[in-house]
2 protein chains.
Amino acid sequence: MSTASLAFSGAGPIAATTRQRVHDAAAELGYAGPNPLGRQLRRGRSGIVGVVVGDALSRAFRDPVTTQVLDGLVGHLGTLDLGVLLIPSASGPTTTTIDPLLESAAMDVAVVMWGGAGDSPVLAGLARRGIPTVLIEGRLAPGVSVVGIDDRGGIEQVTRHLLDLGHTRIASVTLPFDHERRDGLMTSQRLADPAWEITRRRLAGIHDAGVTPVAVYETPASLVEHGATAGRVLLSGPDRPTAVVCQSDLLASGVVLAARELGLRVPQDVSIAGFDGIDLPWLAPDVLTTVVQPLTEKGATVGHLVEDILAGAEPEHRELPVTLRVGTTTGPAPS
Amino acid sequence: MSTASLAFSGAGPIAATTRQRVHDAAAELGYAGPNPLGRQLRRGRSGIVGVVVGDALSRAFRDPVTTQVLDGLVGHLGTLDLGVLLIPSASGPTTTTIDPLLESAAMDVAVVMWGGAGDSPVLAGLARRGIPTVLIEGRLAPGVSVVGIDDRGGIEQVTRHLLDLGHTRIASVTLPFDHERRDGLMTSQRLADPAWEITRRRLAGIHDAGVTPVAVYETPASLVEHGATAGRVLLSGPDRPTAVVCQSDLLASGVVLAARELGLRVPQDVSIAGFDGIDLPWLAPDVLTTVVQPLTEKGATVGHLVEDILAGAEPEHRELPVTLRVGTTTGPAPS
DNA sequence: CGAGACGGTCGAATCGATTTGAGGGACGAT
DNA sequence: ATCGTCCCTCAAATCGATTCGACCGTCTCG
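The paragraphs below set out a description of the structure included in this document. Small disclaimer: the values here were computed from a predicted structure and weren't measured. (Residues numbered from 1 in each chain as written. Chains lettered and ligands numbered in written order. Predicted model: local features only at pLDDT ≥ 70, side-chain atom pairs only at ≥ 80, totals over all residues. Heavy atoms only, no water.)

This brings us to the pattern of salt bridges. All names here are of chain A. Summed over the entire model, instances satisfying the criterion amount to 38 salt bridges over all chains. A salt bridge links Glu156 to Arg160, with the nearest nitrogen and oxygen atoms 2.7 Å apart. Placement of both Glu156 and Arg160 in helix H8 (residues 151–164) is noted, with a separation of four residues, approximately one turn of the helix. Among the ionic pairs, Arg182 bridges to Glu180, the shortest N-O distance being 2.9 Å. Judged by relative accessible area, which is 41%, Arg182 ranks as partly exposed. Overall, the relative accessible area of 43% leaves Glu180 in the partly exposed class. (Salt bridge = Lys/Arg side-chain N within 4 Å of Asp/Glu carboxyl O. Helix = DSSP H or I, 4+ residues; strand = E, 2+ residues; numbered from the N terminus. Buried < 20%, exposed > 50% of the residue type's maximum accessible area, 1.4 Å probe, protein only.)

Moving on: the side chain of Ser172(B). By the secondary structure assignment, Ser172(B) is in strand E6 (residues 170–174). In this structure, Ser172(B) is in contact with Leu203(B), Ile206(B), Pro213(B), Ala215(B), Val216(B), Tyr217(B), Leu234(B) and Val245(B), ignoring residues within four places of it in sequence. (Contact = heavy atoms within 4.5 Å.)

Take the interface of chain A and chain B next. Listed by partner, the interface residues are 38 residues for chain A and 38 residues for chain B. Regarding the contact of chain A and chain B, the summed buried area is about 3,400 Å², with carbon and sulfur atoms giving 71% of it. Three residues, Leu37(A), Phe61(A) and Trp282(A), lead the burial of chain A against chain B; their summed loss comes to 17% of the area buried on that side. On inspection of chain A and its partner chain B, the count reaches zero salt bridges. (Buried area = accessible area lost by both parts, 1.4 Å probe.)

To continue, consider the side chain of Thr329(B). Residue and element names in this part refer to chain B. Structurally, the position occupied by Thr329 is in the segment after strand E13 (323–325). Side-chain polar atoms of Thr329 contact the backbone oxygen of Ile272, separated by 2.6 Å. In this structure the side chain of Thr329 is engaged in a polar contact, spanning 2.9 Å, whose partner is the backbone nitrogen of Thr289. (Polar contact = N/O pair within 3.5 Å; in protein donor to acceptor, adjacent residues only side chain to side chain.)

So, about the relation of the copies chain A and chain B. Superposing chain A onto chain B takes a rotation of 180° combined with a translation of 0.0 Å along the rotation axis, leaving an RMSD of 0.1 Å. The transformation relating the two chain copies, once decomposed into turn and shift, fits a two-fold axis. Ranked by how close their C-alpha atoms come to the rotation axis, the residues of chain A are headed by Leu85(A), at 2.2 Å. Taken as a fraction of all interface residues of chain A, those also at the interface in chain B reach 100%, which identifies the copy contact as same-surface. (Least-squares fit on C-alpha atoms with pLDDT ≥ 70 in both.)

With that out of the way, let us pick up unusual backbone geometry. Residue and element names in this part refer to chain A. For the peptide bond that leads from Ala284 to Pro285, omega is 10°, which places it in the cis range. Following the sequence through the fold, Pro285 ends up in the loop between strand E10 (271–276) and strand E11 (289–292). A positive phi is found at Glu137, a non-glycine position, where the angle reads about 60°. Mapping Glu137 onto the fold places it in the loop between strand E4 (133–136) and strand E5 (145–149).

With that out of the way, let us pick up the sheet that holds E5(A). Taken together, the 12 strands give an open sheet; going across it, the order is E12(A)-E5(A)-E4(A)-E3(A)-E1(A)-E2(A)-E2(B)-E1(B)-E3(B)-E4(B)-E5(B)-E12(B), and neighbouring strands pair in mixed fashion. Single-partner strands in this sheet number two, and they are strand E12 (317–320) of chain A together with strand E12 (317–320) of chain B. Between one strand and the next, the sheet's axes are offset by a mean angle of 20°, whatever the strand orientation. Across five bridges, the pairing between strand E1 (residues 48–53) of chain A and strand E3 (residues 109–113) of chain A is parallel. (Pairing = 2+ DSSP bridges. Axes fitted to C-alpha atoms, helices over the stretch in contact; angles between N-to-C directions.)

Right, dumping it as structure tokens:
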């Protein structure tokens, strides 16, 4: 029945009386409105954006960075009547198993958060299915859109801030280097070449400022507890660094907690800086010195790219700016 | 082409040579595999479970309770090849606007988190579309499945724990009473009847223990900062309570921070208890006394109910147990 | 040697909404 | 009064995979 379609969609010209008649009949027959599947098949569009979260959801969701970007994305997609389908991707060390959803779920566009390495089986799978992809914080690649930030420049900026304060013994706590997600001080060999782009760039930022970290600690995930572990190791050894540059705010918070635990005053005894600019209400009265990235806007930007792609635009790369926010956790180097 | 279907699905009997021939032809034509929309239409199933989050995503995701349940749910649904579609539902005070996704997205079952009141337009909309619904922590209603916990009993238990420690002046910090989400001390009038089931039940638990709170503070959301605000008010007034029972761990953490801020020792000067049993690594060295609910299992239980519903089972109600975990934030009442 | 059984292949109908194009009715204008 | 136009209604084709049933070839057993 084509008239019924018009009656519900309200698209074509239709008499009010006819529409009413259709609606009455529908109610009588217990018809609950158009079946979305039919519409989607006809349109050739599912109205669904798959969001591939490159980590166990439990862990990814504990990071406000992920959730805030997701919020910005959902917010923008909502205005376009696009839904977000959550696709976990447990990319274990050697696991090549791809979530079946990635293989078979209907989606018009895919968004990959924490894309990691460029050779990811996730990206390969999406490419094979011919699904346009937007990457968040990944390596630039042909055919996919990428939204990133100037994290290298941001880290350089915060490192210079520490140099200006007179620090010379600077350590760093990093995000995972690769899917192995090790926990511990870095060997110079492994240090050479992180497989994960984000870790590599943020590490490079320190060198851009002309600094070679006195120690580098790799954590298995951006979580407070891992930051605390790192902090205990870095701050209790001999030749304690006077400043610690962390690749995320959660890690930095952990280091702050470890410092407090060890009886060190922040920032008198040790300066600690983070990255991301998330809310840390429980760190009060301290305010973390950090590089603020526009998280919600990042999500919204991804949404815009998705919109453009659906409108037929070419893949594109966008880089968002970051700003240094000086808080109370960094101060002059102890003399 | 029906043979092609068989070749890809591998379901029916098919000769290896034919399958190979089909695959070759597919590769040559640039055919990327079966279109999920066709399959879904034919099957009459979309393979999608809509998850309605009853709050702004940014806020909901900041609460580990939500994300952990979601993780448990996604984990179980993943084994069933079901995808999770995120549906925000900005239920403002008087807002009746329903997210268009709720009206038009394809989903086989809906899960409503933080369902709130039973008269929710969300539930009404789902019922009208005839979509089976699983409610998390909502009011029992005919036709919908509900997964809940014995929070009333849990609160009673933790209140008795405080009574045993000799406390008599007990205050409470609550979740929102309704969509107004007020922030402040409760008037006895409003206190009478919280519209939101979860708040009502947890409040009732205190009374079950034979206690009438000396003060009740309503917060606009389960977040650390709101707990801190509540703590500052409750703990700085005259006739300071010696114990505070909070309806969530995040709220309790905020109260702990407020107490520290005011120079009060926990638990010597004031005992503080929470609810949920989430990880609070940054509260160290304190361990929150709290009522632990099995969050991941709760999500998995919802997943099971979804599975059963898709298999044709009737709506069902499940209640999960809670356990009291005594930490370092409660102690004998000051004399 | 013939008939039945079986494995494999293919055609056609189906799921449900959309959309195009044709047809019919009513009203206004000449 | 008749023609033209406009507005509405409706039939039919389409999107793509699935599935039932028909058909054909071969193999086996009597």
